[in-house]
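# Observations on chain architecture
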Amino acid sequence: MSVARTILCLGQVLLLCAATVTAHHAFSPVYDSKRSTTVAGVVVEFRFVNPHAMLTLDVADDAGKPVKWTVEFAGQLNLAEIGWTKDSLKPGEQITVTGNPTHVVSHQMAFVRIVKADATVLLPAAAQRTDILEQERRERARSRKQSP
Amino acid sequence: MSRGLILLMMMSLAWPIEGIAQSPPKSKLEGMWSDPPVTIMARFCASWCTDAGIERLNALLDNPANDGKSVAQLSAEASAYQNDSYIKSRLTPAALSSYPLDPADDPGLLKCEPWGLARQMFAPHQLQIRPLGPDRMELHYGEWDARRMVYMDGRRPPAGQAPSRLGHSTGRWEGDTLVVETISVAANLTIWRARHSDQLHVVERFTRSSDGAMLQLTATVADPWSLREPVVIKRNWRWAPTSIIAPYDECKPPIAVKRGVTP
């Protein structure tokens, strides 16, 4: 399946639209964190480099013709902290990518979520930390309520 | 086996342990450090924070009215508070005229220009501290693969040397604390999105937490051009001996940027 599917969320789906990448500069001048786009396609190349890892993806347009999409990630320094390697995305893999589109340029987005063919989900480091931090916040609130 | 021999063996085993405990204080900081652990406060100070911001975040977390808000929301509120109540109130009119800088004007984004000292010392990811000979230490950062030389013999910058991006740093030990003083920094940007002048003067104090797991930085930043009074900024790292600083050589400026978008 390689038909592009695009969803604009305009802020309703906060999880998908949350600012995702921190690195050597803010992403806000380039990517629109209030919108989200999802495409399905085939990995052409994954460059696991600094300051930003880059993915090139072939996505079929409505006529079935492949269109190159670019996905920008945090850098290798950031991704390596959560266990990514240069082989985390391999050429030929079928994946579905959700990201924040650019303000201006077409067919380019900042990484928010990837789902692989085997249903493996890849998330940015910040998103992976969310559950742990929320658990700490809930425990803190619970202990406050229990204290005299 | 005689009791004397056993005692001698026990002493020989104990000796190296005592030796480690008495090793020079500076060895406590040398090595690789990286992103702090996943706790609310450690992540709040993963890049930079202030006591004002920490106190505000604690107050927000302790307020039952905020129990429905996420950590991200509360951290953003505390961050906004420290920007307004601590940073902005200390900026001079000269600095306020362009504060806060539009991220679309960041030369790191537009031209892949490496950061100056007032951002680099709070950069995310690794910091490797290592001695380079008897009279100098190197601070090697993952972000930008930047390296700072810290002269431990107190030498002044050569006469006539122009201010540089990362300045001239001298260091000394105060007990277990590495104190690094930096001058001769070229005018540039701060991590709080303000401009600073070449009169910048920074004193960094690096200490290891009592459990050894964290490296803590307290930096006092002064600049009569941009600051009415010095500001004290904090940042922390966790001990990460297996972390690796990878090459940082594929920076490409964006094709287009949009101004006026808040990060």
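Preceding this paragraph is the structure being described.
As the structure is a computational prediction, the values presented were derived from the model and not from experiment.

Turning our eyes to something else, we now look at the overall build of chain A. What chain A contains, in helices and strands, is three helices and six strands. Its helices and strands taken in sequence order, chain A reads α-β-β-β-α-β-β-β-α from the N to the C terminus. Here chain A, with 148 residues, has 47% of them falling under the buried criterion. The contacts of chain A with a sequence gap of at least 6 include a subset with a gap of at least 24, amounting to 59%. Carbon and sulfur atoms make up 55% of the accessible area of chain A, which amounts to about 7200 Å² in all.

Moving on: the packing of aromatic side chains. All names here are of chain B. Scanning the model with the defined rule gives twelve aromatic pairs over all chains in all. Sitting over the face of the ring of Tyr81, Arg56 holds its NZ or CZ atom 4.3 Å from the ring centroid. Geometry around Trp239 places Arg208 over its ring, the cationic atom sitting 4.8 Å from the centre.

Let us now look at the interface of chain A and chain B. Across the boundary between the two partners, chain A contributes 28 residues, which contact 48 residues of chain B. Where chain A abuts chain B, roughly 3100 Å² becomes buried across the two surfaces, and 59% of that area is made up of carbon and sulfur atoms. Among the ionic pairs, A:Glu81 bridges to B:Arg238, the shortest N-O distance being 2.6 Å. On the surface where chain A and chain B come into contact, there are 16 residue pairs in polar contact (both at pLDDT 80 or more). Those elements giving two or more residues to the side of chain A that touches chain B turn out to be α2 (76-80) and α3 (125-146) of chain A. With ten residues, the top contributor of residues to the side of chain A that touches chain B is α3(A). Residues belonging to the side of chain A that touches chain B are distributed by class as follows: twelve nonpolar, seven polar and nine charged.

Another aspect to go through is the sheet that holds strand β6 (residues 177-183) of chain B. All names here are of chain B. Within the closed barrel, the nine strands sit side by side as β1-β2-β3-β4-β5-β6-β9-β10-β11. Their pairing is mixed. Across this sheet, the average inter-strand angle for adjacent strands is 30 degrees, counted without regard to direction. Where strand β1 (residues 31-34) lies against strand β2 (residues 127-131), three bridges are found, and the strand directions are antiparallel. Looking across to β2, one finds that Met32 is bridged to Gln128.

What follows concerns the pairing of strand β5 (residues 168-174) of chain B. All names here are of chain B. In this sheet, β5 lies alongside strand β4 (residues 147-151) in parallel orientation, the contact comprising two bridges. Bridge pairing in β5 links Val150 to Ser169. Judged from the seven bridges that link them, β5 and β6 form a sheet pairing that is antiparallel. From the neighbouring strand, His168 faces β6, where its bridge partner is Ile183. In this structure, the hairpin formed by β5 and β6 is closed by a connection of two residues, where Gly175 is found at a positive phi of approximately 65 degrees.

Residues and elements named next belong to chain A. Tracing the backbone shows Asn100 in strand β4 (residues 94-101). For Asn100, a relative accessible area of 2% translates into the label buried. In the structure, Asn100 is positioned 33 residues away from Leu133 in sequence and 23 Å away in space, judged by C-alpha atoms. Within polar-contact distance, the side chain of Asn100 engages the backbone oxygen of Arg35 at 2.8 Å.

Let us now look at the pattern of salt bridges. The tally for this structure, following the rule as stated, stands at 27 salt bridges over all chains. A:Arg35 serves as the salt-bridge partner of A:Asp32, at 3.1 Å between the closest nitrogen and oxygen. Residue A:Arg35 is classed as partly exposed on the basis of its relative accessible area of 22%. Two residues, B:Arg155 and B:Asp135, come together in a salt bridge whose shortest N-O distance is 2.9 Å. Residue B:Arg155 is located in the loop between β4 and β5, and its partner B:Asp135 is located in the loop between β2 and β3 (136-141); the two are separated by 20 residues in the primary sequence. Classification of B:Arg155 by relative accessible area gives partly exposed; the value is 30%. B:Asp135 sits in the partly exposed class, given a relative accessible area of 22%. Connected via shared salt-bridge partners are B:Asp135, B:Arg136, B:Asp153 and B:Arg155.

Once that is clear, we can look at the side chain of B:Glu204. All names here are of chain B. Here Glu204 shows up in strand β9 (residues 201-208). On the basis of relative accessible area, Glu204 is assigned to the buried category, the value being 0%. There is a polar contact of 2.7 Å between the side chain of Glu204 and the side chain of Arg148. Other than its neighbours up to four places away in sequence, Glu204 contacts Met121, Tyr141, Arg148, Leu178, Val179, Val180, Thr182, Leu217, Thr218 and Ala219.

Conventions adopted
Residues numbered from 1 in each chain as written. Chains lettered and ligands numbered in written order. Predicted model: local features only at pLDDT ≥ 70, side-chain atom pairs only at ≥ 80, totals over all residues. Heavy atoms only, no water. Helix = DSSP H or I, 4+ residues; strand = E, 2+ residues; numbered from the N terminus. Buried < 20%, exposed > 50% of the residue type's maximum accessible area, 1.4 Å probe, protein only. Contact = heavy atoms within 4.5 Å. Areas by Shrake-Rupley, 256 points an atom, 1.4 Å probe, with all protein chains shown as cover. Phe/Tyr/Trp six-rings, centres within 6.5 Å; stacked < 30°, edge-to-face > 60°. Lys NZ or Arg CZ within 6 Å of the ring centre and 35° of its normal. Buried area = accessible area lost by both parts, 1.4 Å probe. Salt bridge = Lys/Arg side-chain N within 4 Å of Asp/Glu carboxyl O. Polar contact = N/O pair within 3.5 Å; in protein donor to acceptor, adjacent residues only side chain to side chain. Nonpolar A, V, L, I, M, F, W, Y, C, P; charged D, E, K, R; others polar. Pairing = 2+ DSSP bridges. Axes fitted to C-alpha atoms, helices over the stretch in contact; angles between N-to-C directions.

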